[in-house]
Amino acid sequence: MDRIATRLSTCFETVFPDLAAKDIPAATQRSVAAWDSTAAIMLVNVIEDEFGIQMDFDRLEELDSFESICQYLKEQQTAGAASDGSSA
Amino acid sequence: MTVTEALKILRAARKLEGEPYPVELVCGFTPLHLETFLGAHLQQRMSGRRISLSTGLFGNAAGNLESLQGKDLCAVALALEWQDLDPRMGFRSAGQWGPALLPDILKMVRSTLGRMAAAIEQLASGVTVACSLPTLPLPPLFYHPGWQMAEVELALERALVEWASECAARRGFALVSRQRLAEESPALGRYDFKSELLSGLPYTLPHADCVAESLARLLAPPAPKKGLITDLDDTLWHGLVGEVGPENVTWDLASHQHLHGLYQKLLAALSEEGVLVAIASKNDAAVARQALGRPDMLVAPERIFPVEIHWNAKSGSVGRILKTWNIGADSVVFVDDSPMELAEVAAAHPRIECLSFPTNDAAAGYALLRRLRDLFGKPRVAEEDAIRLESIRQGAGFQNAAPDGSSAEEFLRQTEAIITLDCDSKSGDPRTVELVNKTNQFNLNGRRHTEAEWRRRLRRPGAVLMAVGYRDKFGPLGKIAVVEGRQQDDTLYIETWVMSCRAFARRIEHQCLKALFDRSGAGKMVFDFASTPKNGPLRDFLASVTGTPPEGPVELTRGQFEDVCPALYHRIEETQSRNESWIESQPA
């Protein structure tokens, strides 16, 4: 698991305390019963705290799995690095 | 606090065992963040006890409040917004705006506030209510430009403030200060328009955190400090009295030293509220006392006791003052302009709160006055507050007058002591639970209770309560002891017993037990004793009557007590007829 995925895992542990650590990488909105619309908002808030970013609430619907959020964060990191003019 | 921190606090609290503390959050919007932050802030303030927070239906604050009648709760947090009083004042409603509708909106607001007032009245007695009045701006529904206050807007504010004033008269109802909230959460940072439209969450995260903390502070306030020890030179007044003379120290506007005058005024006010004020100063006592006796002093010298003025270490002065007051260092604030003196006192008394008096910094001076108000703030001034200083002064007189040995017996006989027993468990006098919650040394087990829990205990079948007052020729001590428990057959189970440390050495504890045996007719008592870091005096007393230092619950028979009970010289006055049952017989 890379560094972003590891940090994202801790966010999932915070919002879904009953979710086993081994199940986090495969977690989706359909597989986690507690992942409802309010939990999705909390997850975004916690990710914003952890990564120090502002997430786009309009993209909330497509961020419906651990994997898709991880991918989104990597895109943000790349975009941030590009806008800073630094190499990835 | 961040959302992540709040969730971690709540997660850790899931492991706490025991009876949870039930709180209802009433609001008309999606409570998500406010609920999370409120739970976390309450949990921080009530460590060791799990907060159980529940919420009602979206968009129905008044209905949610009405649904609480009969619900088993300790506290209610009410976060009002304008839309809760009429949905047309919210942004998610499709209701029309327009000048013709304004009178109807005002009518609806008054009607909803009336429903809410009635619902609050219906809450079980003892349930604490904390309320924040609308924190978000009104929508642009008036025909005036936004920079002008519309007449209807004034009428809405008036209806709200009148409602809040009526509610505030209810015991246990407290309002968030809108002024303090505006400082901590500035208006422009409060509202998240997009979030409200998308998810019904109108508060920004920092504002949700701030409102939650404000409500939690009211529901679980910090214990107010009880005593303030102040320095003199460059603190109570400007100047070194030993150098400039008693007539030349200043505290007025003309000399640009009014901060010292304001400090004196605050001390005078605190003293009237029952706060103990003492002096610890390194000075020539005769000279300093001349300055204290000046007629233009804004705090009367007789409001200050004890006064320690000499050249020895201030930590010693503070130690003697604490002993005279008989309160813990953690209940006391020490104010001095000298960093060295503050450090010396802090080193000797680490639990005392040491505050620097800023001599040349007006902003810091203003902050100090506000800080002192917060540290000593309390919901109301009680009868006992007015006589606290006098009773401590009298207590010191009692201790000084009390001789040792055989003459002590004669001394106790001559104190003309009168003990008042109030055994009405249904009276609901809230001062009984207040005394339980603030007493540490003579305390059976250190357990604290909310007012709602206390009332529930007193409604149990077999419940007994005895509140004890005391006065003697040295003066009144007010209500000084509370015993609570339940009687089952021949046994009296004592589950709460506290007595103010001001009342030690008068055999009041013996008289309490005698009165309990006499009134109940029980053959034995079982004390639910549990050791705490501070309740040594009660442990020692139980050891003296049972013959063994207790380690847990302990039993005392009538015969055992009668064998060791010394002569008691108090005259007893009872507020209830002996023929009336003092035991609660009906189940709650």
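Along each chain, residues carry numbers from 1 onward, in the same order as the chain's sequence is written. The lettering of chains begins at A and the numbering of ligands begins at 1, in the order of writing. A pLDDT threshold of at least 70 governs which residues receive local features in this predicted model, and a stricter bar of 80 or more applies before side-chain atom pairs are shown or counted, although totals over entire chains, interfaces and linings include all residues.

To qualify as a helix, a DSSP run of H or I must reach at least 4 residues; to qualify as a strand, a run of E must reach at least 2; elements of each kind are numbered from the N terminus. Within chain A, the regular secondary structure consists of three helices and zero strands. Each helix and strand of chain A, placed in order from N terminus to C terminus, yields the pattern α-α-α. Exposure classes come from backbone-placed C-beta atoms, where a residue is buried if 20 or more other C-beta atoms lie within 10 Å of its own, exposed if 12 or fewer do, and partly exposed in between. The 88 residues of chain A split such that 22% are buried. Here contacts are defined at the residue level, using C-beta atoms placed from the backbone and a cut-off of 7 Å between them. A fraction of 54% describes how many contacts in chain A between residues 6 or more apart in sequence connect residues 24 or more apart.

The subject of this paragraph is the overall build of chain B. Looking only at helices and strands, chain B has 22 helices and 18 strands in total. In summary, chain B has a C-alpha radius of gyration of 28 Å against a globular reference of 25 Å for 588 residues, a match within 12%. For chain B, the C-alpha atoms occupy an extent of roughly 85 × 75 × 40 Å along the three principal directions. In chain B, buried positions account for 39% of the 588 residues. Of all intrachain contacts in chain B linking residues separated by at least 6 positions in sequence, the fraction that spans at least 24 positions is 73%. It is over C-alpha atoms that the radius of gyration is taken, and the globule rule equals 2.2 Å times the number of residues to the power 0.38.

This part is about helix α11 (residues 258–272) of chain B. All names here are of chain B. An ideal rise of 1.5 Å per residue puts 21 Å on 15 residues; α11 measures up with 21 Å between its terminal C-alpha atoms. For α11, every residue scored as buried is listed here: Leu259, His260, Gly261, Tyr263, Leu266, Leu267, Leu270 and Ser271. Phi turns positive one or two residues past the end of α11, at Gly274, with a value near 100°. To estimate the expected span of a helix, count its residues, drop one, and scale the result by 1.5 Å.

Here we take up the domain arrangement of chain B. Where each domain starts and ends comes from a domain assignment, either automatic or drawn from a database. Considered domain by domain, chain B is made up of domain 1 (3–219), domain 2 (227–376) and domain 3 (403–574). With centres defined by C-alpha atoms, the gap from domain 1 of chain B to domain 2 of chain B works out at 41 Å.

What follows concerns the interface of chain B and chain A. Facing ten residues of chain B, the contacting portion of chain A comprises eleven residues. In terms of residue count, helix α1 (residues 3–13) of chain B provides more of the side of chain B that touches chain A than any other element does, five residues in total. Its residues placed into classes, the side of chain B that touches chain A shows five nonpolar, three polar and two charged. Amino acids are sorted into nonpolar (Ala, Val, Leu, Ile, Met, Phe, Trp, Tyr, Cys and Pro), charged (Asp, Glu, Lys and Arg) and polar (every other residue, Gly among them).

Bringing the sheet that holds strand β6 (residues 227–230) of chain B into the picture now. All names here are of chain B. Any two strands are treated as partners once DSSP identifies two or more bridges connecting them. One open sheet holds the five strands; their spatial order is β8-β7-β6-β9-β10, and the pairing between them is parallel. In the strand order of this sheet, the two ends are held by β8 (304–310) and β10 (353–356), each with one partner. The average undirected angle you get between the axes of adjacent strands in this sheet is 20°. One ladder, built from four bridges, connects β6 with strand β7 (residues 276–282); its direction is parallel. Within β7, the position partnered with Ile229 by the bridge is Ala278. To obtain each axis, a line is fitted to C-alpha atoms, and for helices this fit is confined to the stretch in contact; angles are then taken between N-to-C directions over 0 to 180 degrees.

Further remarks concern the pairing of strand β11 (residues 418–422) of chain B. Residues and elements named next belong to chain B. Looking at chain direction, β11 and strand β13 (residues 463–472) are connected through five bridges and run antiparallel. Each bridged residue has a counterpart across the sheet, and for Leu421 the counterpart in β13 is Val468. Of the pairings in the sheet, the one linking β11 to strand β18 (residues 571–574) comprises four bridges and is parallel in character. By the bridge assignment, Ile418 is partnered in β18 with Arg571.

Okay, the sheet that holds strand β4 (residues 128–132) of chain B next. All names here are of chain B. The five strands lie next to each other as β2-β1-β3-β4-β5, forming an open sheet whose pairing is parallel. The two strands at the open ends of the sheet, each matched to only one other strand, are β2 (51–55) and β5 (173–175). Pairwise comparison of adjacent strand axes, ignoring direction, gives a mean angle of 20° for this sheet. Note that strand β1 (residues 21–26) and strand β3 (residues 75–79) share four bridges and pair parallel. From the neighbouring strand, Glu24 faces β3, where its bridge partner is Val76. Sheet contacts for helix α9 (residues 205–219): β1, β3, β4 and β5; angle to β4, the most-contacted strand, approximately 150°.

Residues and elements named next belong to chain B. Contact geometry of α11 with helix α15 (residues 362–376) gives a least axis separation of 11 Å together with a crossing angle of 5°. Our classification of the angle between α11 and α15 gives roughly parallel. Contacts between α11 and α15 involve Leu259, Leu262, Tyr263, Leu266 and Leu270 from the former and Ala362, Gly365, Leu369, Leu372 and Phe376 from the latter. The residue makeup of the contact of α11 with α15, split by class, is nine nonpolar, one polar and no charged. Each angle is binned into one of four classes, with values under 35 degrees roughly parallel, values over 145 roughly antiparallel, values of 65 to 115 roughly perpendicular, and all other values oblique.

Glancing now at the confidence of the model for chain A. Every residue gets a pLDDT, meaning the predictor's confidence in that residue, from 0 to 100. Per-residue confidence for chain A gives a mean pLDDT of 84; residues scoring 70 or more make up 90%. Element-level mean pLDDT values for chain A span from 80 in helix α3 (residues 66–84) of chain A up to 92 in helix α1 (residues 3–15) of chain A.

This brings us to α1 of chain A. For the α-helix, the turn length of 3.6 residues means that residues three or four positions removed from each other point alike. All names here are of chain A. Taking 1.5 Å as the rise per residue, α1 with 13 residues should run 18 Å; its terminal C-alpha atoms sit 19 Å apart, in good agreement. All of the buried residues in α1 are Leu8, Cys11, Phe12, Thr14 and Val15. Mapping the buried residues of α1 onto a view down its axis gives an arc of 160°, with all of them on the same face. Opposite its buried face, α1 presents the exposed residues Arg3 and Thr6, each directed more than 90 degrees away. Taking the helix axis as origin, the arc is that swept by the directions to the C-beta atoms.

Turning our eyes to something else, we now look at the environment of Gly200 of chain B. All names here are of chain B. With respect to the helices and strands, Gly200 occurs in the loop between α8 (193–199) and α9. A residue is classified by how many C-beta atoms lie within 10 Å of it, and Gly200, with 17 of them, is partly exposed. Between the alpha carbons of Gly200 and Leu298 there is a distance of 53 Å; along the sequence they are 98 residues apart. Leave out the neighbours within four places in its chain, and Gly200 touches Phe29, Thr30, Phe58 and Arg92.

All right, on to the environment of Leu113 of chain B then. By the secondary structure assignment, Leu113 of chain B is in helix α5 (residues 102–122). Those residues within four positions of Leu113 of chain B in sequence are excluded, and the remaining contacts are Leu85, Ala159 and Trp163 of chain B.

Helix-helix packing is described using two parameters, namely the angle between the two axes and the distance between the axes. All names here are of chain B. Here α5 crosses helix α6 (residues 151–168) at 10°, and the two axes come no closer than 10 Å. With respect to their mutual orientation, α5 and α6 come out roughly parallel. Together, Leu102, Leu106, Val109, Arg110, Leu113, Ala117 and Ile120 of α5 and Val152, Ala155, Leu156, Ala159, Trp163, Glu166 and Cys167 of α6 make up the contact between the two elements. Residues that form the contact of α5 with α6 fall into these classes: twelve nonpolar, no polar and two charged.

What follows covers the pairing of β1 of chain B. Residues and elements named next belong to chain B. Within β1, five of the six residues are buried, which leaves the element mostly enclosed by the surrounding structure. When β1 meets β2, the two strands line up parallel, connected through five bridges. Across the sheet, Val23 pairs through a bridge with Leu53, a residue of β2. Assessed by its sense of winding, the connection that carries the chain from β1 through helix α2 (residues 32–45) to β2 is right-handed. Handedness of a crossover: with both strands directed away from the viewer, a clockwise path from the first strand across the helix to the second marks it as right-handed.

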